[in-house]
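The chain contents come next:
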Amino acid sequence: MEESSDAALIAASLEEPVRFGAIFDRHAAVLHRYLVRRLGPDEAETMVGEVFRIAFERRHTYDLLRPTARPWLYGIATNLLAKHRRSEARRIHAMARLVSQRLPSDDEAERVSRAVDAAARCRVAAELVSSLPEPERDALLLHVWEGLSYDEVAETLGIPVGTVRSRLHRARGRLRELVAGRGREQGDERRHPGRIES
Amino acid sequence: MSDDFDPLRQLRPDRVEPDDPGDPAMFSRAKEQLMSTIDQDHAPTYTLATPDIYPRLAYRDELAAVEYLTRVFQFSEQREARQEYDGKHLCWMRVGTGVVMLGRDTPVHRIHSPQDVGLTTVMMNVYVHDIDAHYAHAVDQGADITMELQDAFFGERRYEATDLEGHRWHFGERFDDIRARGGQAP
């Protein structure tokens, strides 16, 4: 019982709209998880339906040479995210806080210092993500969190793969710089856990 | 894999907090809404709430289990709720008003396929409509019948079968229900 490609289903849905339901079946869980990661479960539940309604309305524009619709759907979801910048920033800082609260109770000095170090790096990463211009943040998170390849990120965002490469290269460089800079202040970090947020 | 993106990778919310597989009924509601937008004549199917208690069964090959339970025992998967992660799947199957969750055997939750432990400690009880037809279909599909179809003293016709990895299933229909559909019952 080999299933037909997304492209074939979308093509069939032009004549017979209900066929589009199978696109939801295949991809809703992944898209929902993406929205949960970036915004949290409450917003994600409302938005996942929106993504597929928009996709359905735009199915005439789908490039039938692309067998899988996932990057296209990621693209629609990513466009919707643009309106939620603030909740996204809140969420990622909350994650960074959670990571730093999980310092080990073990008082073995080296282990603690490693954990503090990791927590500080996560805070820096959270700071970076929320300070990045949207196009860079989208490319970064699609690659690092969603595991999309450079080609898939390019397809998702509708940009050349060279642009993806340079966006990720820039983000990587800034992250490395920030981590190196922050390493020296990490004791400070720990005494003022709320500081980064202000 | 370890590189400059590691701190960001560690911040992925489902790594920071335990990964909640989500409520399958949520996906069904969202799909129902989509389908009624797509098709004005779409007859809304009643989306069953997820029961407060339902089992999660572990398999070595959860997709083969979905195929088997669908083909042999006529369960239906809530396909829109299927979740995939690292090549593993979580699937929800609707059986009347009930639901069972199927997943890979997992050291996190410490549940195992009977195939690995050599026995099982649980039996799934399922009420079906027309047990005679259900039994005939299962036999026809090559089910491993571990108790033949029989009338039990407590007022139920039943049979049992063991699935492809050794989970035990008990299927039954109450005598009253058999009579109500025009069948013969003691």
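Residues numbered from 1 in each chain as written. Chains lettered and ligands numbered in written order. Predicted model: local features only at pLDDT ≥ 70, side-chain atom pairs only at ≥ 80, totals over all residues.

### A few points about helix 7 (residues 134-144) of chain A
With respect to burial, helix 7 of chain A is a largely interior element, eight of its 11 residues being buried. Taken residue by residue, helix 7 of chain A has R137, D138, A139, L140, L141, L142, H143 and V144 of chain A as its buried positions. (Buried ≥ 20, exposed ≤ 12 C-beta atoms within 10 Å, placed from the backbone. Helix = DSSP H or I, 4+ residues; strand = E, 2+ residues; numbered from the N terminus.)

### Examining the nonpolar core
One finds L35 and A125 of chain A together with L11 and M93 of chain B to be the most contacted residues of the largest nonpolar core, which totals 78 residues. Aside from chain neighbours lying at most four places away, what touches L11 of chain B is I92, M95, A96, V99, C122, A125 and A126 of chain A together with V16 of chain B. (Core = buried A, V, L, I, M, F, W, Y, C linked by C-beta atoms within 7 Å. Contact = placed C-beta atoms within 7 Å.)

### A look at the sheet that holds strand 8 (residues 156-162) of chain B
All names here are of chain B. One open sheet accounts for four strands, arranged 6-9-8-7; its pairing is mixed. Edge positions in the sheet fall to strand 6 (123-127) and strand 7 (144-152), since each has one partner strand and no second. Neighbour-to-neighbour, the strand axes of the sheet open up by a mean angle of 15°, direction not taken into account. Sheet strands touched by helix 6 (residues 131-140): strand 7, strand 8 and strand 9 (168-174). Its angle to strand 9, the strand with the most contacts, is close to 150°. (Pairing = 2+ DSSP bridges. Axes fitted to C-alpha atoms, helices over the stretch in contact; angles between N-to-C directions.)

### Details of the interface of chain A and chain B
Listed by partner, the interface residues are 35 residues for chain A and 29 residues for chain B. At the level of secondary structure, the elements contributing two or more residues to the side of chain A that touches chain B comprise helix 2 (21-39), helix 3 (41-57), helix 5 (85-101), helix 6 (109-131) and helix 9 (161-183) of chain A. Here the element with the most residues in the side of chain A that touches chain B is helix 2 of chain A; it accounts for eight residues. Residues belonging to the side of chain A that touches chain B are distributed by class as follows: 24 nonpolar, three polar and eight charged. (Nonpolar A, V, L, I, M, F, W, Y, C, P; charged D, E, K, R; others polar.)

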